[in-house]
Amino acid sequence: MSTVTATLGTDRARHLGAALTVLLAAALTVGAPFYFAPFQVFQLTMVLLYAVALAGLNLLVGFGGQISLGHGAFFAAGSYTAAVMLDRYDTGHLATLPVAAAGCFLLGLGFGVPALRLRGLYLALVTLSFAVFLPPLLKRLEPVTGGSMGLTVDKLRPPAWSGLAEDQWMYFVVLAVTAVALLLARNLLRSRVGRALLAVRDDESAAEVLGVRLSLHKTLAFAWSAMFAGVAGCLYTWVIGFVSPDSFSFVLSITLLAGLVVGGLGSLYGPLLGAAFVMYVPSVSQDVSEAAPGVVFGLLIITVMFVAPTGLAGLPGRVLGAVARRLPRTTATPERTPETAPDAEPESRAGSGPATTPAPADPAVADAEPVGAPPRTEKE
C-alpha cells in the first residue's frame, strides 16, 4: 500500500511540476513583447515562424526518416502565395494563410512521389534541385512575382481595439499560429499516421509486413512537411512585407536542416531550439567576424554537435546521465563492520555452495557415532 501511495505521489509531483513549467513558460512568452525592444520582439517573432517550418521538417526527417534539402522551396512557395494574393488580388491577410497551406500541401504531394523510389542521398539531391531552380523560375515569372525586384506588400496592421504596437500585434498573431501548428504536429505524431511514420523510419520491410502502406505515408510525410513550411512562409510575408527570389536561395534549405539537427531530430522541442539557433547564431557570427561570418557559423555548429550529438533538446538528458554515472564514484563508502572487515574470515564465498561447518573440538563429540551408522566391533 505504501508503494502505491509513493507512486501516486511521484506522479502528482511530476504533473504538478510540468504544469508549473507550462504556466511559467506561458507567462514569459506573453510578457516578452512588453519587456523587450521592438527589434528584439521582431527577432522573437522570426524565431516562432522558423519553428513552424522546422516542425514540418521534423515530421519528414526526424520522424519519417527521409532527407530533404528543398524545404526552403516550400517556404518560398507559401511566402509568394501570400504576397501575390495581397499584391495582385488585394485579399485580406488572414485569407492567405489557408490558401498557402493548401497549395503547399498539394505541392508536397507532388514531390512526395519521388520519395517512393528514392532514398538517402538520391532523395536529397532531388529535393535540392527543387530549391536550386525555384529562385531563377521566380525571376522569370516577372508579371506575377515581380521578377528580381520582388513584391512589396502591406504588413499586418493591429486593430484599433487592441491598443498594441505593430510589432507586438504581429508577435501575438504569429505566436497563436505557432502554438496551433506545434499542437497539430504533436497530435499528428501521436495518431496512427505518426506511429506509421516511426515504423517506416525504423524498418520499412517490417512496417510493410505489419500492414503499413509505405507509398501513402511517405507521400503524406512530404505533404504535411510542405504544408508547415508554407504556413511559415506566409507568416514571413506578413512580418517582413517584402519577398524576392534572392531571399529563398538553397542556402535557406541547408540552414533549416542544420537548425533542425542542432535543435534535435525527433524531438518535439527541437524545432523551437533550432529556430533560435537559425535566428541568433548568424547575427552572433556577424558580430564576431564581419570578414568571415560563415566560418564562425560553421565552427559554432561543430562545437554544438560535439557537445550535444543528439541536439540541444537532448543535452539536459545527456548531462543528467553523465552526472548519474559519476554519482557512485563520488559517494562515500560505508563503514566496515567487524563481519565485513578484510581480516575476518567470510562465512561463505559467493558461488562456492553452502557454508561448511568447522570440525568440533570436543573429542567426545568427535567420537560420537553418526545416526544410522553400523555398530562398531571390538576390533574397531
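One structure accompanies this document, and this report is about it. Quick caveat, the model's predicted, so the values are computed rather than measured.

Describing the overall build of the protein chain
Along its length, the protein chain carries 15 helices and 2 strands. Out of the 380 residues in the protein chain, the part that is buried amounts to 37%. Intrachain contacts of the protein chain at a sequence separation of at least 6 include 75% that bridge at least 24 residues.

Focus: a nonpolar patch on the surface
Where nonpolar side chains cluster on the molecular surface, the patch consists of Val132, Phe250, Val251 and Ile254 and spans about 330 Å² of accessible area. For the nonpolar patch, the element with the most residues is helix H11 (residues 250-263), which contributes 3 residues. Note on valine 251: relative accessible area 45%, which makes it partly exposed.

Section: the pattern of salt bridges
Inspection of every chain in the model, using the stated rule, returns 3 salt bridges. In this structure, the salt-bridge partner of aspartate 246 is lysine 139, at a minimum N-O distance of 3.3 Å. Of this pair, aspartate 246 sits in the loop between strand E2 (242-243) and H11 while lysine 139 sits in helix H5 (residues 121-140), placing them 107 residues apart in sequence. Aspartate 246 sits in the exposed class, given a relative accessible area of 54%. We note a salt bridge from arginine 157 to glutamate 166, for which the minimum N-O separation is 2.7 Å. By relative accessible area, glutamate 166 is classed as partly exposed at 27%.

Notes on unusual backbone geometry
Within the chain, aspartate 90 stands out as a residue other than glycine whose phi angle is a positive 55°. Relative to the helices and strands, aspartate 90 resides in the loop between helix H3 (71-88) and helix H4 (93-111). Residue aspartate 90 is classed as exposed on the basis of its relative accessible area of 66%.

A look at H3
End to end, H3 covers 26 Å across 18 residues, agreeing with the expected 26 Å (1.5 Å per residue, within 8%). Taken across its 18 residues, H3 has 14 buried, putting it largely inside the fold. One or two steps after H3, the chain reaches aspartate 90, where phi turns positive at roughly 55°.

Comments concerning the environment of phenylalanine 172
Relative to the assigned elements, phenylalanine 172 resides in helix H7 (residues 166-189). Owing to a relative accessible area of 21%, phenylalanine 172 belongs among the partly exposed residues under this scheme. When the C-alpha atoms of phenylalanine 172 and threonine 45 are compared, they prove to be 8.4 Å apart, with 127 residues separating the residues in sequence. Excluding anything up to four places from it in sequence, phenylalanine 172 contacts Val30, Pro33, Phe34 and Leu164.

Examining the packing of aromatic side chains
Per the stated rule, a full pass over the model turns up 15 aromatic pairs. Joined through ring pairs, the aromatic side chains of Tyr50, Phe75, Tyr80, Tyr236 and Phe248 make up one cluster.

Structural notes on the packing of H3 against H11
One can describe the packing of H3 onto H11 by two numbers: an axis separation of 7 Å at closest approach and a directional angle of 115°. On the basis of the axis angle, H3 is roughly perpendicular to H11. H3 and H11 meet at a crossing whose hand is right-handed. Two secondary-structure elements touch here, H3 through His71, Gly72, Ala73 and Phe75 and H11 through Leu252, Ser253 and Leu256. In terms of residue class, the contact of H3 with H11 is built from 4 nonpolar, 3 polar and no charged.

Focus on the nonpolar core
Formed by 73 residues in total, the largest nonpolar core has its most connected members in Leu49, Tyr50, Phe75, Phe228, Trp238 and Phe248. Within the residue set of this core, elements represented by two or more residues are helix H2 (38-63), H3, H4, H5, H7, helix H10 (214-240), H11 and helix H12 (270-288). The element that contributes the greatest number of residues to this core is H2, accounting for 16 residues. Sequence-distant contacts of tryptophan 238, defined by excluding residues within four places in its chain, comprise His93, Leu94, Thr96, Leu97, Lys155, Leu156, Met170 and Val173.

How each quantity is defined
- Residues numbered from 1 in each chain as written.
- Predicted model: local features only at pLDDT ≥ 70, side-chain atom pairs only at ≥ 80, totals over all residues.
- Heavy atoms only, no water.
- Helix = DSSP H or I, 4+ residues; strand = E, 2+ residues; numbered from the N terminus.
- Buried < 20%, exposed > 50% of the residue type's maximum accessible area, 1.4 Å probe, protein only.
- Contact = heavy atoms within 4.5 Å.
- Patch = residues over 30% accessible without salt bridge, like charges linked within 9 Å, V, L, I, M, F, W, Y side chains within 5 Å.
- Areas by Shrake-Rupley, 256 points an atom, 1.4 Å probe, with all protein chains shown as cover.
- Salt bridge = Lys/Arg side-chain N within 4 Å of Asp/Glu carboxyl O.
- Expected span 1.5 Å × (residues − 1).
- Phe/Tyr/Trp six-rings, centres within 6.5 Å; stacked < 30°, edge-to-face > 60°.
- Axes fitted to C-alpha atoms, helices over the stretch in contact; angles between N-to-C directions.
- Parallel < 35°, antiparallel > 145°, perpendicular 65-115°, else oblique.
- Left-handed = near helix turned anticlockwise from the far one by under 90°.
- Nonpolar A, V, L, I, M, F, W, Y, C, P; charged D, E, K, R; others polar.
- Core = buried A, V, L, I, M, F, W, Y, C linked by side-chain atoms within 4.5 Å.

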